[in-house]
Protein chains: 2
Amino acid sequence: MKDKISTKTLPGFLEYLPAEQLAFNKIKDTITSVYESYGFVPLDTPVLERQEVLLAKAGGETEKQIYCLEKGDEKLALRFDLTVPLARYVSEHFANLIFPFRRYHVAKVYRGERPQRGRFREFYQADIDIVAEGELPLINDAEIVKVIYEVFTKLDLGRFTVRLNNRKLLNGFFADLDLSREASDILRIIDKMDKIGRNQIQELLLAFEIEAEKITKILNFVSIKENVIKELEALNIKNEIFNEGLSEMKEVISYLNDFGVPAENYIIDLSIARGLDYYTGTVYETVLNQYPQIGSVCSGGRYGDLTGFYSDKKLPGVGVAIGLSRLFYQLQEAGLIKINQATSADILLVSENLKAAAKLADELRAQGLAIIGAYGPDKFKKKLTLANKLGVKAVIILGEDEIAGNYFSLKDMTSGEQIKAKNVTEALKFMSNL
Amino acid sequence: MKDKISTKTLPGFLEYLPAEQLAFNKIKDTITSVYESYGFVPLDTPVLERQEVLLAKAGGETEKQIYCLEKGDEKLALRFDLTVPLARYVSEHFANLIFPFRRYHVAKVYRGERPQRGRFREFYQADIDIVAEGELPLINDAEIVKVIYEVFTKLDLGRFTVRLNNRKLLNGFFADLDLSREASDILRIIDKMDKIGRNQIQELLLAFEIEAEKITKILNFVSIKENVIKELEALNIKNEIFNEGLSEMKEVISYLNDFGVPAENYIIDLSIARGLDYYTGTVYETVLNQYPQIGSVCSGGRYGDLTGFYSDKKLPGVGVAIGLSRLFYQLQEAGLIKINQATSADILLVSENLKAAAKLADELRAQGLAIIGAYGPDKFKKKLTLANKLGVKAVIILGEDEIAGNYFSLKDMTSGEQIKAKNVTEALKFMSNL
């Protein structure tokens, strides 16, 4: 006996059993179809990019996580997100794109992180972005929330809340405190508010040599949760950037109302910062209210300059990404993914008369049903066992009796109810009630 | 001004403009939906595998083409096909799979070939396989042809022919000529028949020290194109393997008739060999009759042992792969891909009344239409220009007049015809005629 090779996937690399894969695809397809219904077009860029393209933006932790390889003279790397490929794509094809450019991209990205529960090295992201040539009206910032609202409503994962902030509010506030230079670091610390709580944030900021009085102001500021607009106005801050942010936030909120996004599905949360330099206006996070431990399932924001590393054009945009593989994993952990079918087929068709069975199967497929033909020499009982194992909704039996009687037997595999169907129309009616 | 980084994709790596991408996705979705209608389940294995997994089967040219990389202690490689990952997957998850296991996999694979016209380093394959535990009835060999027939009928690329052969016919024939040891090499040479023609094949075989008389027999054999079964029977070959192959072929042809595959869509072609050791029975190639220069667009066959490198189980299977990226490229070259829309949206909705427009858009989306909202402050004319550039089928105008009159204007962008629609039902009726 020869030595067999390990068939386990690499640590941090996912693959699903068929039933899980079908459940995963259902979520992926729901997200994609919402994106498409809002007129986003699909992109599909190479998984491999030139190293210099990816390293231009990466830096720090991300850079260490990039999978690099060489082939011949070429230095290649696997993409670590879908934003850098978008920036490269828009730079490369600028003259042939139509702006505002609305694209979605649902695909795998790669990060050589230390594998741990719920963190993966190969994982799906589901991104949308709207990129403009010139100005990008704020109505787009609101439409992104509308799309998030539609996606998570259709995913039916219970109540969810989009948390909104605006980087100008934060930057202006810190400028007003004469803490502009420290703002990036403070924001990075504040970003952890949900994870480590107010007391620890306070200590971290003290360690950063921020005056106690200012820390109190900062903590009070990021803790404003109700009547936020009014409270912000009441602060009476004179900083121009701050007031620009306030005005933008009011405008976006007003559009959200027009878009019909229910007020219970979004809040202004001044503790949301989303990274450091990239975002310039609105920022988003999304939480499933019953599963706060999952963290943000959909995040993003507005940026002033998508293509800075690759082009001299200044292209503003706004977008969000759903961390799809991580979301699916967390939903599985929370018991929210129902896995009961190892097939997407609707019917297993049992027959030994191939000609008659194939004709019937064709007719049913033409009506949109997925059919597995069990036409082979296996015993009837074995075929029924297969139907049960697969979890098909129904079985059709087309035996000698049926063919002689010009009908077929159609059995609901859940209830056990069985009818004699004379034609496809009757079968469709029966199937529509399963 | 800083030095900008090249934004071109790497040689051999494809990316499409939105209109091309939509055309590509349409083909991909057609193939996928046929696969699903036959009850194949989707798989999605990691792009990165352990090097040892890929190198176990690769060998020769393929091995040189594999993209390898290392990260930490791990030796990784990018998959070069979808069959090796299937073999690994089935070995790993054997106990949790339901047999016969019908899976499809439409995904990118990687080969570091020298880039040339129509050959890519990253490209899509669209595979189906039926893998059995124990025996796999021949009816499956025929069903694969039925699926190919459905796919290429739905793709609507003109007439096509599935070329069928059986490796046992070839192996038995060569055994009968006492050329078993040379069979692999002869088959490799014969596989080039379409490309280099009979005379060159003859010379290559002579150079191989095959007796002239046997070469004539071989060339006559692979040239049988009509009444093939009868001609093969008339050869009266006593070899057991040959007669097993003949019997299998007759059985498969009989099933094809039962499946309703038109006789004009398949032929027996004894010159088809498909590689060397892997296939053990039926083999397939598929050609578009009007575009023979494209070569085979869908190939595969039956194998006796899928998982030999990874498991002691012997799992026979049958499957085919469509070289999707290559097919799309060739169809573009042949002018068969119509590219006219840079969006998949049906309607651009022009309005300055966000509240009314968003409500209407929601109603239309609920009916399955994809809508881009042009709600921003841009001028009306600019919005219409956008509609034309994108190539949306229709524009809705919801201005002050429309809102006051309780209707919306709906314009066919091709004919210029415009109606006043009172509700979504009227709009749907108008759209269904575009």
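All values derive from a computational prediction rather than experimental measurement.

## Brief notes about the pattern of salt bridges
Counting across every chain of the model gives 54 salt bridges over all chains. Salt-bridge contacts for Arg117 of chain B lead to Glu333 of chain B; the nearest nitrogen and oxygen are separated by 2.6 Å. Separated by 216 residues along the polypeptide, Arg117 of chain B in the loop between strand S5 (101–110) and strand S6 (122–131) and Glu333 of chain B in helix H12 (residues 324–333) bring together distant segments of the chain. You can call Glu333 of chain B partly exposed: its relative accessible area is 47%. The shortest N-O distance in the salt bridge between Asp362 of chain B and Arg365 of chain B comes to 3.7 Å. Pair noted here: Asp362 of chain B and Arg365 of chain B are both in helix H13 (residues 354–366), with a separation of three residues, about one helical turn. Classification of Asp362 of chain B as partly exposed rests on a relative accessible area of 26%. Assessed through its relative accessible area of 11%, Arg365 of chain B is described here as buried. Within this structure, Lys146, Glu150 and Lys154 of chain A together with Asp362 and Arg365 of chain B form a network of salt bridges that share partners.

## Points about the packing of helix H6 (residues 167–176) of chain A against helix H11 (residues 240–259) of chain A
Residue and element names in this part refer to chain A. Look at H6 against H11: their axes get within 7 Å of each other, and the N-to-C directions meet at 155°. In this view, H6 runs roughly antiparallel relative to H11, as classed from their interaxial angle. For the element pair H6 and H11, the recorded crossing hand is left-handed. Residues Lys168, Leu169, Asn171, Gly172 and Phe173 of H6 form the contact with H11, whose participating residues are Ile241, Phe242, Glu244, Gly245, Leu246, Glu248 and Met249.

## Considerations on the environment of Ser415 of chain B
All names here are of chain B. Locating Ser415 in the fold gives a position in the loop between strand S15 (408–412) and strand S16 (418–421). Along the backbone, Ser415 and Lys393 are 22 residues apart, and their C-alpha atoms lie at a distance of 9.8 Å. Separated by 2.9 Å, the side chains of Ser415 and Asp412 make a polar contact. From its side chain, Ser415 meets the backbone nitrogen of Glu417 in a polar contact 3.1 Å long.

## A short note on the interface of chain A and chain B
Facing the 98 residues of chain A at the interface are 98 residues of chain B. Interface area for chain A against chain B, summed over the two sides, is near 8,100 Å², with a carbon-plus-sulfur share of 59%. For the pair chain A and chain B, the number of links is ten salt bridges. Residue Asp44 of chain B pairs with Lys108 of chain A through a salt bridge whose shortest N-O separation is 2.8 Å. Across the contact surface, chain A and chain B share 36 residue pairs in polar contact (both at pLDDT 80 or more).

## What about the nonpolar core?
Counting 105 residues, the largest nonpolar core has Tyr35, Phe152, Phe174, Ile218 and Leu288 of chain A as its most contacted members. Broken down by element, the residue count for this core peaks at ten residues, all from helix H5 (residues 139–155) of chain A. Setting aside residues up to four positions removed in sequence, Phe174 of chain A forms contacts with Leu179, Ser180, Ala183, Ile186, Leu187, Ile190 and Ile218 of chain A. Counting 103 residues, the second largest nonpolar core, distinct from the first, contains Leu398 of chain A together with Val145, Val222 and Leu324 of chain B.

## Brief notes about the sheet that holds strand S14 (residues 394–398) of chain A
Residues and elements named next belong to chain A. Taken in spatial order, the five strands of this open sheet run S13-S12-S14-S15-S16, and their pairing is mixed. Because the sheet does not close on itself, it has two edges, and the strands there are strand S13 (371–374) and strand S16 (418–421). Direction aside, neighbouring strands of the sheet carry axes that sit 25° apart on average. Here four bridges tie S14 to strand S15 (residues 408–412), and the two strands are oriented antiparallel to one another. Its bridge partner being in S15, Ile397 is matched across the sheet by Ser409. Each of strand S12 (347–351), S13, S14 and S15 touches helix H13 (residues 354–366); the most contacted strand, S14, lies at about 145° to it. Running at roughly 5° to S15, helix H16 (residues 424–432) makes contact with S12, S14, S15 and S16 of the sheet.

## Points about the packing of aromatic side chains
Scanning the entire structure with this criterion turns up 40 aromatic pairs over all chains. Between Tyr149 of chain A and Phe160 of chain A, the ring centres sit 5.9 Å apart and the planes meet at 45°, which makes this aromatic pair tilted. Of the two residues, Tyr149 of chain A sits in helix H5 while Phe160 of chain A sits in strand S7 (residues 160–166), which places them eleven residues apart along the sequence. Phe160 of chain A carries the same exposure label as Tyr149 of chain A, and that label is buried. Above the plane of the ring of Tyr67 of chain B lies Lys71 of chain A, whose end atom (NZ or CZ) is 5.4 Å from the centre.

Parameters and conventions
Residues numbered from 1 in each chain as written. Chains lettered and ligands numbered in written order. Predicted model: local features only at pLDDT ≥ 70, side-chain atom pairs only at ≥ 80, totals over all residues. Heavy atoms only, no water. Salt bridge = Lys/Arg side-chain N within 4 Å of Asp/Glu carboxyl O. Helix = DSSP H or I, 4+ residues; strand = E, 2+ residues; numbered from the N terminus. Buried < 20%, exposed > 50% of the residue type's maximum accessible area, 1.4 Å probe, protein only. Axes fitted to C-alpha atoms, helices over the stretch in contact; angles between N-to-C directions. Parallel < 35°, antiparallel > 145°, perpendicular 65-115°, else oblique. Left-handed = near helix turned anticlockwise from the far one by under 90°. Contact = heavy atoms within 4.5 Å. Polar contact = N/O pair within 3.5 Å; in protein donor to acceptor, adjacent residues only side chain to side chain. Buried area = accessible area lost by both parts, 1.4 Å probe. Core = buried A, V, L, I, M, F, W, Y, C linked by side-chain atoms within 4.5 Å. Pairing = 2+ DSSP bridges. Phe/Tyr/Trp six-rings, centres within 6.5 Å; stacked < 30°, edge-to-face > 60°. Lys NZ or Arg CZ within 6 Å of the ring centre and 35° of its normal.

These values are about where atoms sit, not about what they do.
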